[in-house]
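# Structural features, examined
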Amino acid sequence: QLATEEFLEKLTLIQNKNYTLFIITICFLNFVYFLTPIPTLPLIVLNGFLIQNYGFFLSYFMIIICSTIIFSKSKMFISFLQKFNFYNSLSSKINNNINNNFNFYIIASSRFLLPYFFHNVFFGSILKNSNVFIFSIILAEIPIIYILNKFGKYLRDFSDLYSYNLNEILNFNFILFFLVFF
């Protein structure tokens, strides 16, 4: 816990000294990080912690850009995925389905269940039409990123618990966030 606090203090110090370099570095790290299979939750929370409300926009746009890149490059994994029976049956069901609304619901709801990278690779290798995929991730990512970003922002607000009074803790935004998050 002490190492985490020191790391966050160093990041905020760099942020205060050279904000432009800090933002360029954060954007680059986000771009690289979102292209890997590493879980994205900690980075979205960190973005909320470091750049607060702007962290939502940064995470949102980076996820859309990187999801599109992963989606377009995922055809390389088809030969590996075709070894699994469920992949072939699911692929034919989704691509033969004429109802784009149903495909949208499948893609958007599975966004909450499957890890980010694997979701992009899986649906990128299955779908023939990228418009449904891109539209569904644009809409499905808003609540996830918003909640995680707010959590990071509130972590920064609560970094010094001893300086808060009861009125600040019972703020409507805090209560609403914690009800939605938990």
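Above this text you will find the structure in question.
## Some points on the overall build of the protein
The helix and strand inventory of the protein stands at 11 helices and 0 strands. Tracing the protein from N to C terminus, the helices and strands come up as α-α-α-α-α-α-α-α-α-α-α. Counting the 182 residues in the protein, one finds 37% classified as buried. Across the protein, the fraction of contacts at a sequence separation of at least 24, relative to all contacts at a separation of at least 6, is 74%. As displayed, the protein offers around 11,300 Å² of accessible surface, 68% of which is attributable to carbon and sulfur atoms.

## Observations concerning the environment of Lys-75
By the secondary structure assignment, Lys-75 is in the loop between α4 (53-73) and α5 (78-81). Lys-75 sits in the partly exposed class, given a relative accessible area of 42%. Each C-alpha atom of the pair Lys-75 and Val-121 lies 8.0 Å from the other, and the pair is 46 residues apart in sequence. Excluding anything up to four places from it in sequence, Lys-75 contacts Gly-124, Ser-125 and Leu-127.

## Comments concerning the side chain of His-119
Looking at where His-119 falls in the secondary structure, it is placed in helix α8 (residues 116-126). His-119 sits in the buried class, given a relative accessible area of 0%. In this structure, His-119 is in contact with Ile-107, Ser-110, Arg-111, Leu-114, Gly-124, Phe-133 and Ile-137, ignoring residues within four places of it in sequence.

## A few points about the pattern of salt bridges
This model, assessed by the stated rule, comprises 1 salt bridge. The closest approach of N and O atoms between Glu-141 and Arg-111, which form a salt bridge, is 2.4 Å. Of this pair, Glu-141 sits in helix α9 (residues 130-157) while Arg-111 sits in the loop between α7 (100-110) and α8, and the two are 30 residues apart along the sequence. For Glu-141, a relative accessible area of 5% gives the class buried.

## Describing α4
With 21 residues, α4 should reach 30 Å at 1.5 Å per residue; the first-to-last C-alpha distance of 31 Å fits that figure. All buried positions along α4 are accounted for by Gly-55, Phe-56, Leu-58, Ser-59, Tyr-60, Met-62, Ile-63, Ile-64, Cys-66, Ser-67, Ile-70 and Phe-71.

## A closer look at the packing of aromatic side chains
Applying the stated criterion to the full structure yields 9 aromatic pairs. A ring pair is formed by Phe-34 and Tyr-116, whose centres lie 5.9 Å apart and whose planes are at 65°; its orientation type is edge-to-face. One end of the pair, Phe-34, is in helix α2 (residues 19-34); the other, Tyr-116, is in helix α8, and 82 residues separate them in sequence. Grouping residues by exposure puts Phe-34 and Tyr-116 together as buried. Measuring from centroid to centroid gives 5.7 Å for Phe-56 and Tyr-60, while their planes differ by 10°, and the two rings are stacked. Of the two residues, Phe-56 and Tyr-60 both sit in helix α4, 4 residues apart, roughly one turn of that helix. One exposure class covers both Phe-56 and Tyr-60, and it is buried. Clustering of aromatic rings is evident, with ring pairs tying together Phe-56, Phe-57, Tyr-60, Phe-61 and Tyr-146.

## Examining the packing of α4 against α8
Two elements in contact, α4 and α8, have axes separated by 8 Å at closest approach and are oriented at 45°. Considered as vectors, α4 and α8 are oriented oblique to each other. Note that α4 runs across α8; the crossing there is right-handed. Counting all contacts with α4, which are made through Ile-63, Cys-66, Ser-67, Ile-70 and Phe-71, the residues of α8 involved are Tyr-116, Phe-117, Asn-120, Val-121, Phe-123 and Gly-124. When the residues that make up the contact of α4 with α8 are grouped by side-chain class, the tally is 8 nonpolar, 3 polar and no charged.

Rules behind the numbers
- Residues numbered from 1 in each chain as written.
- Predicted model: local features only at pLDDT ≥ 70, side-chain atom pairs only at ≥ 80, totals over all residues.
- Heavy atoms only, no water.
- Helix = DSSP H or I, 4+ residues; strand = E, 2+ residues; numbered from the N terminus.
- Buried < 20%, exposed > 50% of the residue type's maximum accessible area, 1.4 Å probe, protein only.
- Contact = heavy atoms within 4.5 Å.
- Areas by Shrake-Rupley, 256 points an atom, 1.4 Å probe, with all protein chains shown as cover.
- Salt bridge = Lys/Arg side-chain N within 4 Å of Asp/Glu carboxyl O.
- Expected span 1.5 Å × (residues − 1).
- Phe/Tyr/Trp six-rings, centres within 6.5 Å; stacked < 30°, edge-to-face > 60°.
- Axes fitted to C-alpha atoms, helices over the stretch in contact; angles between N-to-C directions.
- Parallel < 35°, antiparallel > 145°, perpendicular 65-115°, else oblique.
- Left-handed = near helix turned anticlockwise from the far one by under 90°.
- Nonpolar A, V, L, I, M, F, W, Y, C, P; charged D, E, K, R; others polar.

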